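Descriptive structure summary
The lines below spell out each chain.
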Amino acid sequence: MRYLLILLILSLVSCYNPQRECKDFKTGTFEFETYLDGDLAKTTFIRNDSIEVEIYKNKKDTASIRWINDCEYVLKSINPKNRAEQQPIHMKIISTSKNSYTFEYSIVGKNEKQKGRVTKIN
């Protein structure tokens, strides 16, 4: 009986799928915060269907967006300043809430992934 209960609990937990309302985050103004060298850094970005403008420390950078599906897209810098900025970045929204989403990203062709959380401010 005890094993049956454990099996039932495990089967219910394995059926959980995070909420993903990705269409709500295709356009708008967003904020991303992270720690860089021990300091909190805030980036604001404005996205429409095909362009994303990132503002960090009063500097703007623009990237094109190619949507793969409603929850995945590829960013490519329009005016790369170095070789690293020439590499496209694959973005995948893995869960959403009312005004934010959790994502993972990686350089296209690389296996190493990073995660982050973005808040929609407009």
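We now turn to the structure provided with this report. Since this is a predicted model, take the numbers as computed values, not measurements.

A few words now on the overall build of the protein. Summing up its helical and strand segments, the protein has one helix and eight strands in all. Secondary structure of the protein in N-to-C order comes out as α-β-β-β-β-β-β-β-β. Counting all 122 residues of the protein, 29% fall into the buried class. Taking all contacts inside the protein whose residues are at least 6 apart in sequence as the whole, residues at least 24 apart take part in 25%. Surface summary for the protein: the accessible area is close to 9000 Å², and the carbon and sulfur share equals 52%.

This next bit is on the sheet that holds strand β5 (residues 72-77). Spatial ordering of the closed barrel is given by β1-β2-β3-β4-β5-β6-β7-β8, a layout of eight strands whose pairing is antiparallel. On average, each strand axis in the sheet is tilted by 35° relative to the strand beside it, whichever way the strands run. Note that strand β6 (residues 89-96) and strand β7 (residues 100-107) share seven bridges and pair antiparallel. Each residue of the ladder has a partner; that of Met91, found in β7, is Tyr105.

Moving on, we get to the side chain of Thr43. Along the chain, the position of Thr43 falls in strand β2 (residues 39-47). The buried category is assigned to Thr43, whose relative accessible area is 11%. Not counting chain neighbours up to four residues away, the residues in contact with Thr43 comprise Phe30, Glu31, Phe32, Glu54, Ile55 and Tyr56.

Reading the values: rules and limits
- Residues numbered from 1 in each chain as written.
- Predicted model: local features only at pLDDT ≥ 70, side-chain atom pairs only at ≥ 80, totals over all residues.
- Heavy atoms only, no water.
- Helix = DSSP H or I, 4+ residues; strand = E, 2+ residues; numbered from the N terminus.
- Buried < 20%, exposed > 50% of the residue type's maximum accessible area, 1.4 Å probe, protein only.
- Contact = heavy atoms within 4.5 Å.
- Areas by Shrake-Rupley, 256 points an atom, 1.4 Å probe, with all protein chains shown as cover.
- Pairing = 2+ DSSP bridges.
- Axes fitted to C-alpha atoms, helices over the stretch in contact; angles between N-to-C directions.

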